[in-house]
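# Observations on chain architecture
Spelled out from the first residue to the last, the chains are:
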Amino acid sequence: LILTDDGDLDFRIVKADVPDILKEMIDDVVLAKRLREVLAVYGFRRIAYGRNNANDDRFEGFTQQDGFVPLSDTELSWLPAIEMRGEGLFIRLNEEKLEDWENANCSRYDEMKTRLDSSYMGCEKFSPRYVLLHTLSHLLIRQLSIECGYSGAAIKERIYSTYPGSDLKMAGILLYTSTSDSDGSLGGLVRNGLPDNLEKVFRNMLQAASWCSSDPVCIDSIAQGVDGLNYAACHACTLLPETCCEMRNCLLDRASIIGTFNNKGIGFFSNLLYGEETTNGNNASGLY
């Protein structure tokens, strides 16, 4: 058991072993046996500015695209907030494998980046890496909601992806649940982070992701969702309740995980699902 330096019992983590079949793709699995989340309301983005605000200095710099409408007509020294506790599971992908995948598939997401630049949606850390991590997070949440008993709306995500131009390499996802009652302390996420259970979760997740009821339309799509900001991702296979997602169900591509029917090699986990020879055009057995 590892505690923070100040002995804060609201945050407890322990490192778990990575399942053997995932060691080439995943570097670390960390179990957050206890964590605390504080949510504060800073402003509103879905409220248009009134005509009376046009010349108000307090609204200077606020835009509908990248700013917020203030909570009050007068400056506040406090924010309304809620404190919640829960548990979580952190997974960090192998940096070398991820960089190889990025270099091979970066051009695939040029059109997504173009649409994002012209959309009201914003994502400072957008990159092919972010799309992969975000999609993996969604697929794991869908599977974990089956395995551990939490509802699909109860598990949330935090994506730790390298910012463009930054030297700080990040390639992790945090899947967690937090509530103001006892629902956040059931232990289901932590138990599914143990090696045998996590292997089962990944096996079932990849199998579920390999087929969508909307395929082949879904898997071959390069424009779904808000402003066409999703590729192969729909409600039948990848999307989550919006309260779970940090990007309102945008910037997702199931093909980044399992490949497409015609090009299985673009999937980061294709070798695990189909076998290495299959991704190179031959027949071989993977996990199934």
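Residues numbered from 1 in each chain as written. Predicted model: local features only at pLDDT ≥ 70, side-chain atom pairs only at ≥ 80, totals over all residues. Heavy atoms only, no water.

### Comments concerning the packing of helix H3 (residues 128–147) against helix H5 (residues 195–209)
For any two helices packed against each other, the geometry comes down to the angle between their axes and how far apart the axes lie. Interaxial distance between H3 and H5 falls to 9 Å at its minimum, and their mutual angle equals 115°. Looking at the two axes, H3 sits roughly perpendicular to H5. In this structure, H3 meets H5 at a crossing whose hand is right-handed. In contact with Leu 136, Leu 139, Leu 140, Gln 143, Leu 144 and Glu 147 of H3, H5 contributes Lys 200, Val 201, Phe 202, Asn 204, Met 205, Ala 208 and Ala 209. Looking at the contact of H3 with H5 residue by residue, the classes come out as 9 nonpolar, 2 polar and 2 charged. (Axes fitted to C-alpha atoms, helices over the stretch in contact; angles between N-to-C directions. Helix = DSSP H or I, 4+ residues; strand = E, 2+ residues; numbered from the N terminus. Parallel < 35°, antiparallel > 145°, perpendicular 65-115°, else oblique. Left-handed = near helix turned anticlockwise from the far one by under 90°. Contact = heavy atoms within 4.5 Å. Nonpolar A, V, L, I, M, F, W, Y, C, P; charged D, E, K, R; others polar.)

### Structural notes on the pattern of salt bridges
By the definition in use, this model includes 21 salt bridges. Where Arg 92 meets Asp 27, a salt bridge forms, and the shortest distance between an N and an O atom there is 3.8 Å. Of this pair, Arg 92 sits in strand S6 (residues 81–93) while Asp 27 sits in strand S3 (residues 26–40), placing them 65 residues apart in sequence. Classification of Arg 92 by relative accessible area gives partly exposed; the value is 32%. Here Asp 28 and Arg 92 are joined by a salt bridge, their closest N and O atoms 2.5 Å apart. (Salt bridge = Lys/Arg side-chain N within 4 Å of Asp/Glu carboxyl O. Buried < 20%, exposed > 50% of the residue type's maximum accessible area, 1.4 Å probe, protein only.)

### Focus: the packing of aromatic side chains
Here the structure, examined in full by the defined rule, presents 6 aromatic pairs. Seen from their ring centres, Trp 101 and Tyr 109 are 6.2 Å apart, and the 40° between their planes marks the pair as tilted. Judged by relative accessible area, Trp 101 falls into the buried class, the value being 6%. Tyr 109 gets classed as buried once you look at its relative accessible area, which sits at 2%. Each ring, one from Phe 268 and one from Phe 269, has its centre 5.0 Å from the other, and the planes form 80°; the classification is edge-to-face. In terms of burial, Phe 268 and Phe 269 fall into one category: buried. Taken together through their ring pairs, the aromatic side chains of Trp 101, Tyr 109 and Tyr 231 make up a single cluster. (Phe/Tyr/Trp six-rings, centres within 6.5 Å; stacked < 30°, edge-to-face > 60°.)

### Considerations on unusual backbone geometry
Across the junction of Asp 215 and Pro 216, the peptide omega takes the value 5°, indicating a cis bond. Within the secondary structure layout, Pro 216 lies in the loop between H5 and helix H6 (255–258). A positive phi angle is found at Asn 249, which is not glycine, with a value near 60°. If you trace the backbone, Asn 249 turns up in the loop between H5 and H6. One non-glycine residue, Leu 251, adopts positive backbone phi at about 65°. Residue position: Leu 251 is located in the loop between H5 and H6.

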